[in-house]
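Observations on the three-dimensional arrangement
Chain residues, written in single-letter form:
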Amino acid sequence: MVATVESGVQTLRNYVGGRWVTAEASSTQEVRNPATDEVLARVPLSGPSDVDAAVVAAAAAFPSWRATPPQERARYFFKLRHLLDEHREELARLIVSEMGKTLDDARGEVQRGIDNVETACGIPTLMMGYGLEDGAARGIDEEVVFQPIGVFTAITPFNFPFMIAFWFWPYAVASGNTFILKPSEQDPMVQQRVFELIEQVGFPPGVINLVNGGRDAVNALLDHPTVKGVSFVGATQTAAYVYARAAANGKRVQASGGAKNAIVVMPDANMDAYLSTIMNSFYGAAGQRCLANSLVLPVGEAHDAARERVAEAARGLRLGDGLEPGVDLGPVVSATARDRIFAAIGSAVEEGAEAVLDGRQVRVPERPHGYFVGPTLLDGVRPEMRAYREEIFGPVVGMTPAGDLDEAIGLINAAEYGNAASIFTESGAAARTFRYGVETGNVGINVGVAAPVSYFPFSGAKRSFFGSLHPQGRDAVRFYTQSKVVITRWTGGDRGTVTGVGR
Ligand code: NAD
């Protein structure tokens, strides 16, 4: 049984060694529907003993999983892909009910997660090594193989409760490692459902494990000597902490952090063609995407038109429960997040920004208890303001006019974050200057959300990413494997010519 039910509300369980287990930890946290404030479940806040049980199970599973040929390991992922595809609508609805984004957005998230499972099915070619005869010297060959390392973990954020886990574990497990997932305690239900499907796939016990919880579980994973590496996604402050603590314990770490992404709108931008992609990048998922754009840098005369078009389109957005048809903007994840976003808007106005649209004033009569923030547009946001520098992670967009493209690029490069930036222009020269000079990991040219697909690395730079190898695709496989170089010589094997060769 997957969950225990008390007074109608289920308490989630951990999945360890191929079995559903009750966490030893006695404390739990409520999971609420952000559109209604209804309690959906309780999540156990697992502690060190719960984590240790998962690590022991994963370590025990490693030797025989590692020895399973890559092609056979890939077949588990073909089966998983099929099951996820069959349940895609149910999974999308679960995401909406615990996280708040709209159903269309959640469907897109499910697709992006499945894309990663598909990519991991290519593991026999993805993890192939390379070699060179006579590479070291005459008669001495040299080759590299990529070997799995052992137990890895991923610690994931609330804003993509389904997809982000798939940036990691399919690559790690397909490469022959074993794994522990620690999802966000704010919206852990969709992973509970995913693990029911994983159970149906029939991975050998211990290959993939689920531990629910918050800080205590994270710290136990970061400190456990058997955990070889950590993948993390979350706020920059947490990412920096996880990176330092796991590295101090000798582990491999890749840690993605927060963002403050900007778009540059040039005077020649084709706003008719691209307004909807721009609006989606601002207000989609209520601005709770790490690739959400929250700053507009209109260049020169682009300012007035950009302000007018964005404000007009934002006024037309329909707020509501993400499960209802026709809703453009759902609630933010929690009452705490809503209050934090309201405070950020208030402080921007106090610091002198002009609220063209103020999302604090909206009401959604059909969902009076939901955590709604209306689309907000602040003009005259200056670099010294908190609203310019800090990630607000809500449907709040600041506008900072720039004199020319160089000034706009300079503003982006002066920021502490380096996740993404986009330019809207019809000029190839401007686009080339931008992509060449901008110091972000992901770049969009007439693209609002510059989200790399699964076979490209999900990049990020500066304080948006700590580490070197990124999530997804080939980068992920390299992160989860050790390169081993083999240099071979055989007595008498260096004769140089073999009868008949080359005739
Ligand atoms: P968060 O940092 O609060 O939580 C992320 C994970 O860390 C959760 O699993 C949580 O349990 C754990 N955690 C939180 N505080 C901790 C602490 N003090 N010690 C140990 N563990 C802790 O982030 P969030 O609010 O869930 O997610 C939103 C953030 O994630 C935003 O900043 C967003 O930009 C970022 N994000 C980044 C990317 C990217 O690719 N760069 C992608 C998605 C989200």
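Residue positions within a chain follow its written sequence, with the count starting from 1. pLDDT decides what is reported in this predicted model: residues at 70 or higher carry local features, side-chain atom pairs at 80 or more are listed and counted, and totals for whole chains, interfaces and linings draw on all residues regardless. By convention in this description, side-chain values take in all heavy atoms of the structure and omit both hydrogens and water.

Comments concerning the domain arrangement of the protein chain
Filter applied, for reference: These domain boundaries are the output of an automatic or database domain assignment. Any two residues having at least one pair of non-hydrogen atoms within 4.5 Å are treated as being in contact. Summed over both partners, the accessible area (1.4 Å probe) lost when two parts come together is defined as the buried area. Think of a salt bridge as a Lys or Arg side-chain nitrogen and an Asp or Glu carboxyl oxygen that are within 4 Å of each other. For the purposes of these results, a polar contact is taken to be a pair of N or O atoms within 3.5 Å, where, inside protein, one atom must be able to donate a hydrogen and its partner to accept one; residues adjacent in sequence count only when each atom of the pair is a side-chain atom. Helix numbers and strand numbers start at the N terminus; a helix is a DSSP run of H or I with at least 4 residues, a strand a run of E with at least 2. Each residue is assigned to one class: nonpolar for Ala, Val, Leu, Ile, Met, Phe, Trp, Tyr, Cys and Pro, charged for Asp, Glu, Lys and Arg, and polar for all the others, Gly among them.
What the domain assignment reports for the protein chain is domain 1 (49-257 + 464-486) and domain 2 (261-445). Look at where the C-alpha atoms of domain 1 and domain 2 centre, and you get two points 31 Å apart. Taken together, the contact between domain 1 and domain 2 spans 14 residues of the former and 18 residues of the latter. Carbon and sulfur atoms supply 59% of the area buried between domain 1 and domain 2, which totals about 1,400 Å² over both sides. Considering only the surface of domain 1 that becomes buried against domain 2, Thr102, Phe158 and Ser464 emerge as the three largest contributors, covering 31% of it. Residues Arg289 and Asp105 are paired through a salt bridge, measuring 2.9 Å at the closest nitrogen-oxygen approach. Here domain 1 and domain 2 share 6 residue pairs in polar contact (both at pLDDT 80 or more) between them. Contributions of two or more residues to the side of domain 1 that touches domain 2 are made by α3 (88-99) and α4 (103-120). Here the element with the most residues in the side of domain 1 that touches domain 2 is α3; it accounts for 3 residues. Residue composition of the side of domain 1 that touches domain 2, by class: 5 nonpolar, 6 polar and 3 charged.

Section: the packing of aromatic side chains
For clarity, the cut-off: Only centres within 6.5 Å qualify two rings of Phe, Tyr or Trp (six-membered ring in Trp) as a pair; their planes then separate them into stacked at under 30 degrees, edge-to-face at over 60, and tilted for everything else.
Scanning the entire structure with this criterion turns up 22 aromatic pairs. Between Tyr15 and Trp20, the aromatic rings sit 5.0 Å apart at their centres with planes inclined by 55°, giving tilted as the arrangement. Ring-pair connections join several aromatic residues into one group, and the members of that group are Trp65, Tyr76, Phe77, Phe162, Phe166, Trp169 and Phe203.

Remarks on the site of the ligand
Put simply, the rule reads: For this description, a residue counts as near a given molecule or strand if any of its non-hydrogen atoms is within 4 Å of it. Calculation of accessible area relied on Shrake-Rupley with a 1.4 Å probe; when residues are assessed, cover is drawn exclusively from the protein chains displayed. Using a grid of 1 Å spacing that covers the protein atoms alone, one calls a set of points a cavity when a 1.4 Å probe fits there but cannot get out, and a pocket when the set is open and has protein on both sides within 12 Å along at least five of seven lines; lining residues are those with an atom within 4 Å of a point. For a molecule to be placed in a cavity or pocket, more than half of its atoms must lie within 2 Å of the grid points of that cavity or pocket.
As a structural note, the neighbourhood of the ligand is formed by 29 residues, with Thr156, Lys182, Glu185, Thr238 and Glu391 the closest of them. Side-chain polar atom of Thr238 to an oxygen atom of the ligand: 2.7 Å apart, as the coordinates give it. A distance of 2.6 Å is found between an oxygen atom of the ligand and a side-chain nitrogen or oxygen belonging to Glu391. Relative to its unbound accessible area of 840 Å², the ligand is 88% covered by the protein chains. One can see that the ligand is located within the largest pocket. Contributions of two or more residues to the shell around the ligand are made by α9 (215-223), β12 (227-233) and α10 (236-248). Looking at side-chain class alone, the shell around the ligand contains 14 nonpolar, 11 polar and 4 charged residues. Per-domain counts for the shell around the ligand show at least three residues from each of domain 1 (49-257 + 464-486) and domain 2 (261-445).

Quick look at the nonpolar core
The criterion, for reference: Here, the term nonpolar core denotes a set of buried Ala, Val, Leu, Ile, Met, Phe, Trp, Tyr and Cys residues that are joined through side-chain atoms within 4.5 Å. Between buried and exposed lies partly exposed: a residue is buried under 20% and exposed over 50% of the maximum accessible area for its type, with that area taken using a 1.4 Å probe on protein chains only.
Residues Trp169, Phe179, Phe203 and Val264 are the most contacted members of the largest nonpolar core, which totals 121 residues. Val16, Ala220, Leu222 and Val230 belong to the second largest nonpolar core, which has 25 residues in total.

Considerations on the environment of Val299
You can see Val299 is positioned in the loop between β15 (293-298) and α12 (302-315). Expressed as a C-alpha distance, the spacing of Val299 and Pro401, which sit 102 residues apart in the sequence, is 6.1 Å. Those residues within four positions of Val299 in sequence are excluded, and the remaining contacts are Val264, Val265, Met266, Pro267, Ala402, Gly403, Asp404, Leu405 and Ala408.

Details of helix α11 (residues 271-283)
Our working rule: To estimate how far a helix should extend, the number of its residues minus one is multiplied by 1.5 Å.
In this model, α11 (13 residues) spans 17 Å end to end at C-alpha, consistent with the 18 Å of a helix rising 1.5 Å per residue. Of all the positions in α11, only Met271, Leu275, Ile278, Met279, Ser281, Phe282 and Tyr283 are classed as buried. On the buried face of α11, the contacting elements are β14 (261-265), β15, α12, β17 (376-379), β18 (396-399) and β20 (420-424). Just past α11, the residue Ala285 takes up positive phi, approximately 55°.

Side note on unusual backbone geometry
A positive phi angle, near 75°, is found at Asp37, a position not held by glycine. Along the chain, the position of Asp37 falls in the loop between β5 (28-32) and β6 (39-44). Positive phi, normally seen in glycine, also occurs at Ala285, with a value near 55°. The topology assignment puts Ala285 in the loop between α11 and β15.

Observations concerning the side chain of Thr400
Looking at the secondary structure, you find Thr400 in the loop between β18 and α15 (405-414). Within the structure, Thr400 has its side chain in polar contact with the backbone oxygen of Val381 (distance 2.7 Å). For Thr400, the residues in contact, after removing those within four places along its chain, are Leu295, Val296, Leu297, Pro298, Val381, Pro383, Tyr388 and Leu411.

Focus: empty space enclosed by the protein
Where empty space is left can be seen by rolling a probe of water-molecule size over the atoms. In plain terms, the rule: Grid points are joined across faces, edges and corners, and a volume is the space filled by probe spheres set on the points.
Per the counting criterion, the structure on display carries 2 cavities of 30 Å³ or more. When its volume is computed, the largest cavity comes out at roughly 100 Å³. Together, 16 residues line the largest cavity, and Gly287, Ala292, Ser294, Glu391 and Phe393 are the ones closest to its centre. The set of elements that each furnish at least two residues to the lining of the largest cavity consists of β15 and β18. Residues of the lining of the largest cavity, tallied by class, amount to 8 nonpolar, 5 polar and 3 charged. When its volume is computed, the second largest cavity comes out at roughly 70 Å³. Elements represented by at least two residues in the lining of the second largest cavity include exactly β14, β15, α15 and β19 (417-418). In terms of residue class, the lining of the second largest cavity is made up of 9 nonpolar, 4 polar and 1 charged.

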